[in-house]
Amino acid sequence: MAGTVYVLPKERFQELLDRLKADGYQVVGPVLRDGAIVYDDLHSVDQIPRGWVDQQEPGRYQLVHDRSQRWFTFTPGPLSLKRFLFPPSLSLFRVRRNGDGVQLQVTMPEPPRYAFVGVRACDLAAVAVQDRVYIDRQGLFSDGYYAAARRKALFIAVECQSYAATCFCSSMGTGPEVNHTADVVLLELEDRFVAQPRSERGAAVLTPLALEQATDEELQRAKHYVRQAAADMERQVDLTDIRDLLLRNLENPRWDQVATRCIACANCTMVCPTCFCFSFQEVTDLTGNEAERRRVVDSCFNPEFSYAFGVEVRQSVASRYRQWLTHKFATWYDQFGVSGCVGCGRCITWCPAGIDVTEELSAIRASDGSRKEQL
Amino acid sequence: MATKKPRIGVFKFASCDGCQLSLLDCEDELLAIADAVEIGYFLEATRKPLTGEFDIALVEGSISTPEQIEQIHDIRNRSRMLVTIGACATAGGIQALRNFADVREFLSAVYASPEYIDTLKTSTPIADHVRVDFELRGCPVSKHHLVELISATLAGRRPNIPRHSVCIDCKRLGLTCLPVAYGIPCLGPITQSGCGVICPSYHRGCYGCFGPAHRTNVQGLVRAYQSAGVPEETLDLLLHTFNAWAPGFRESTRSVPEELLSRSTGPGGSGER
Ligand code: SF4
Ligand code: SF4
Ligand code: SF4
Ligand code: SF4
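Note that this is a predicted model, so its numbers are computed, not measured.

1. A few points about a nonpolar patch on the surface
Together, A:Leu104, A:Val106 and A:Met108 line one region of the surface with nonpolar side chains, adding up to about 290 Å² of accessible area. Residue class for A:Val106 comes out exposed when judged on its relative accessible area of 61%.

This is the structure in structure tokens:
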């Protein structure tokens, strides 16, 4: 939505947060907690981890303080917006025996009205991917909680002017410029933000603040830092023919090689902002008169997740790793028409074995066509 | 629902009683359990002698003496369903450290008159001796698992007890990963979940109370920690605790050096890891 672009002075950022609260939003943004930058309730600008820089590499995350005046010098930590839009554990309903019948009580809560502040291009690209998973455009098979949370949510994005060594959004076409979903996009300058409303809802949030208009010079200067970040980003995935490449390499020996390193711990899928696997847990009480159904996030690395017809289908670690990588970068296109990866790099950083999807993809490409010895 | 209440027995072998006590610890559910089942044998709770047959036998402890071998066969013969509870019963327990060393040396180090002790060279899980229908892991077991096991059995369904890594539950809780952010070695990636992620919640690495996760890759984690610079001794000690003899863990360490072993298990030992 082209239109007026505003200036939000940094000293007025708190007003924005207060405004959102007054409008009935539960404000969520980046805060420093337990050694990492995570999304959590954001009440005050003082909670924003200003000047902190996250050093991320395969299997390693560390925060250091840099002296700059910049606020958003960090990239997202392990938690993504998935946690809010699709909670890791959710009670759906309870049933009680009632004479000859049963009585059903829906326990799924009404989701809060979230305003996500300071979220990044990759986060929003991931929301757009999850929309395709959970929201049915015909309206028949949508996930009730996700769809309701999503409908109410407001997104105030910040475009990244720096990136972590694990980021590869520019090669995935998902960032660092924000192309998806945002209601407002903020671009950081020394003492102010350039604020672009991208939706009516976004404009409605900014209007009451009566902000001054930004000059074209301000906008261009702020954009320049973002484009520079995009150009400098070293980590890449070559997407040429990626779907077919993977699907014709299902017998590549690389899967066995990565399986010697992969622990099948599932951390990659848990931190991935697009991974959507879940399972149901049925719990009965001791009397057998009451049962509850819960939904929990699950993972293709959990061998029991592939339990069907009395067997676990993916028993070897190699088969589970292959499922993850080929789903993300190949069959996701068949299923949802987009890549399942937005290049956020979380799975690389938070893998305790430091396994790097970009490296695994390059290795498959380099050994295209090799097959393991048939026994 | 069956009209006759299922008869339950709780049995103890080489163990500390902690797992049985978890059953008594189910305060909120205890009355409902007592109501739903008949407690046929449970020395921690009643003085009834061992007689008759059992629908469910909950077996705590490992097999470490010759007479225990006979007893466990007797219990198996009396029981429709036999469930092992806790790391001793499922993996041999901390006392299985003897399996890596010479038990006679321990005996002479600990007892004034070792000739009075009649013990096996090894401490082994119940499943090495008789058929086991289900196992509850942990040191101690989770009381939620005990309640779930009983509820599920009463309802005639499979207990809802996952066998995946601790990491899945750690991430569900939103905790920051210790090895990645702090370089603290954590056994969560290879350990079966169920404890409620207690240690990582308190900023301590998981030390594997629930034993190896289903179809995990222990060597993968060992190598990852080795290349991250975790000392061999630290890794050895981490894998040499309650579940040291569990398949998966037991192949993954060199045998523990004598000094470290005595330091971590001797009377009043520091329990250092
Ligand atoms: S790739 Fe890494 S994070 Fe994912 S399951 Fe394997 S070891 Fe765990
Ligand atoms: S696969 Fe990895 S890099 Fe891609 S979106 Fe998921 S966590 Fe991010
Ligand atoms: S992947 Fe791109 S959008 Fe995401 S944090 Fe890194 S630079 Fe920003
Ligand atoms: S802290 Fe431990 S249990 Fe939690 S995710 Fe990391 S390795 Fe797994």
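2. Some details on the site of ligand 1
Taken together, A:Cys262, A:Ile263, A:Ala264, A:Cys265, A:Ala266, A:Asn267, A:Cys268, A:Phe301, A:Tyr321, A:Cys351, A:Pro352 and A:Ile355 are the residues near ligand 1. The residue inventory of the shell around ligand 1, partitioned by class, reads 11 nonpolar, one polar and no charged.

3. Re the pattern of salt bridges
Residues and elements named next belong to chain A. One pass over the structure, following the stated rule, counts 44 salt bridges over all chains. Close ionic contact of Glu360 with Arg261 constitutes a salt bridge, the shortest N to O distance being 3.0 Å. With Glu360 in helix H13 (residues 357-366) and Arg261 in helix H9 (residues 254-261), the pair connects residues that are 99 residues apart, well separated along the chain. Each of the salt bridges in this network shares a partner with another, and the network as a whole consists of Arg94, Arg96, Glu290, Glu292 and Arg294.

4. Overview of the interface of chain B and chain A
Between chain B and chain A, the contact holds 43 residues from the first and 45 residues from the second. The three residues of chain B that bury the most area against chain A are B:Arg172, B:Val180 and B:Arg215, which together make up 23% of that side's buried surface. Seen at the junction of chain B and chain A, the total is 22 residue pairs in polar contact (both at pLDDT 80 or more). Secondary structure elements with two or more residues in the side of chain B that touches chain A: helix H2 (27-36), helix H6 (143-155), helix H7 (166-173), helix H8 (178-182) and helix H10 (218-227) of chain B.

5. A short note on the pairing of strand E6 (residues 89-98) of chain A
All names here are of chain A. Sheet analysis places E6 next to strand E14 (residues 290-297), joined by seven bridges and oriented antiparallel. What sits directly across from Arg94, in E14, is Glu292. Bridge count between E6 and strand E7 (residues 101-106): six bridges; the pairing is antiparallel. Considered in E7, the bridge of Arg97 is made with Val102. Two successive antiparallel strands, E6 and E7, enclose a turn made up of two residues, where Gly99 displays a positive phi of approximately 60°.

6. Observations concerning the domain arrangement of chain B
All names here are of chain B. You can read the domains of chain B as domain 1 (7-155) and domain 2 (166-261). Once you take the C-alpha centre of each, domain 1 and domain 2 turn out to be 25 Å apart. Residue-level contacts link 20 residues of domain 1 with 18 residues of domain 2. Where domain 1 abuts domain 2, roughly 1500 Å² becomes buried across the two surfaces, and 66% of that area is made up of carbon and sulfur atoms. Interface area lost by domain 1 to domain 2 is led by Leu97, Phe100 and Arg137, which between them contribute 40%. In this assembly, domain 1 and domain 2 are joined by zero salt bridges. Taken together, the links from domain 1 to domain 2 amount to two residue pairs in polar contact (both at pLDDT 80 or more).

7. With respect to the packing of aromatic side chains
Enumeration over the complete set of coordinates arrives at 25 aromatic pairs over all chains. Arranged with centres 5.1 Å apart and planes meeting at 20°, the rings of B:Phe11 and B:Tyr41 form a pair that is stacked. Here B:Tyr41 lies in strand E2 (residues 38-42) and B:Phe11 lies in strand E1 (residues 7-12), a separation of 30 residues in the sequence. Each of the two residues, B:Phe11 as well as B:Tyr41, counts as buried. Joined through ring pairs, the aromatic side chains of A:Phe86, A:Tyr134, A:Tyr146, A:Phe276, A:Phe278, A:Phe280, A:Trp332 and A:Phe336 make up one cluster. The lysine or arginine in question, A:Arg50, covers the ring of A:Trp71, its NZ or CZ lying 4.6 Å from the ring centre. Across from the ring centre of A:Phe278, 5.8 Å away, lies the NZ or CZ of A:Arg295, which sits over that ring.

8. Things to note about the site of ligand 2
All names here are of chain A. Taken together, Phe168, Cys272, Pro273, Trp324, Lys328, Cys341, Val342, Gly343, Cys344, Gly345, Arg346 and Cys347 are the residues near ligand 2. Put simply, the parts of the chain that give the shell around ligand 2 at least two residues each are helix H11 (317-336) and helix H12 (346-349). Looking at the shell around ligand 2 residue by residue, the class counts come to eight nonpolar, two polar and two charged.

9. A closer look at unusual backbone geometry
Most of the time, phi is negative for any residue but glycine, and the peptide bond is trans. A:Gly175 connects to A:Pro176 through a cis peptide bond whose omega is -5°. Structurally, A:Pro176 can be placed in the loop between helix H5 (169-172) and strand E10 (184-188). Here the residue pair B:Cys139 and B:Pro140 is connected by a cis peptide bond, since its omega of 0° sits within 30 degrees of zero. With respect to the element layout, B:Pro140 can be found in the loop between strand E5 (134-136) and H6. At A:Asp34, a position not held by glycine, the phi torsion is positive, near 55°. The residue A:Asp34 is located in the loop between strand E2 (26-33) and strand E3 (36-41) in this model. Of note, A:Phe309 is a non-glycine position whose phi angle comes to about 50°, a positive value. Residue classification places A:Phe309 among the exposed positions, given a relative accessible area of 86%.

10. Points about the pairing of strand E11 (residues 192-197) of chain A
Look at any regular strand and the pattern is simple: side chains alternate between the two faces of the sheet. Residue and element names in this part refer to chain A. Of all the six residues making up E11, five are buried; the element is thus mostly covered by neighbouring parts of the structure. Here strand E1 (residues 6-9) runs beside E11; their pairing, made up of four bridges, is antiparallel. Across the sheet, Leu8 pairs through a bridge with Phe193, a residue of E11. Taken together, the five bridges between E10 and E11 define a ladder with antiparallel strand orientation. When the sheet's bridge partners are listed, Leu187 is paired in E11 with Val194. Taken together, E10 and the strand that follows it, E11, pair antiparallel across an intervening segment of three residues.

The rules behind each value
Residues numbered from 1 in each chain as written. Chains lettered and ligands numbered in written order. Predicted model: local features only at pLDDT ≥ 70, side-chain atom pairs only at ≥ 80, totals over all residues. Heavy atoms only, no water. Patch = residues over 30% accessible without salt bridge, like charges linked within 9 Å, V, L, I, M, F, W, Y side chains within 5 Å. Areas by Shrake-Rupley, 256 points an atom, 1.4 Å probe, with all protein chains shown as cover. Salt bridge = Lys/Arg side-chain N within 4 Å of Asp/Glu carboxyl O. Buried < 20%, exposed > 50% of the residue type's maximum accessible area, 1.4 Å probe, protein only. Near = heavy atom within 4 Å. Nonpolar A, V, L, I, M, F, W, Y, C, P; charged D, E, K, R; others polar. Helix = DSSP H or I, 4+ residues; strand = E, 2+ residues; numbered from the N terminus. Contact = heavy atoms within 4.5 Å. Buried area = accessible area lost by both parts, 1.4 Å probe. Polar contact = N/O pair within 3.5 Å; in protein donor to acceptor, adjacent residues only side chain to side chain. Pairing = 2+ DSSP bridges. Domains from an automatic or database assignment. Phe/Tyr/Trp six-rings, centres within 6.5 Å; stacked < 30°, edge-to-face > 60°. Lys NZ or Arg CZ within 6 Å of the ring centre and 35° of its normal.

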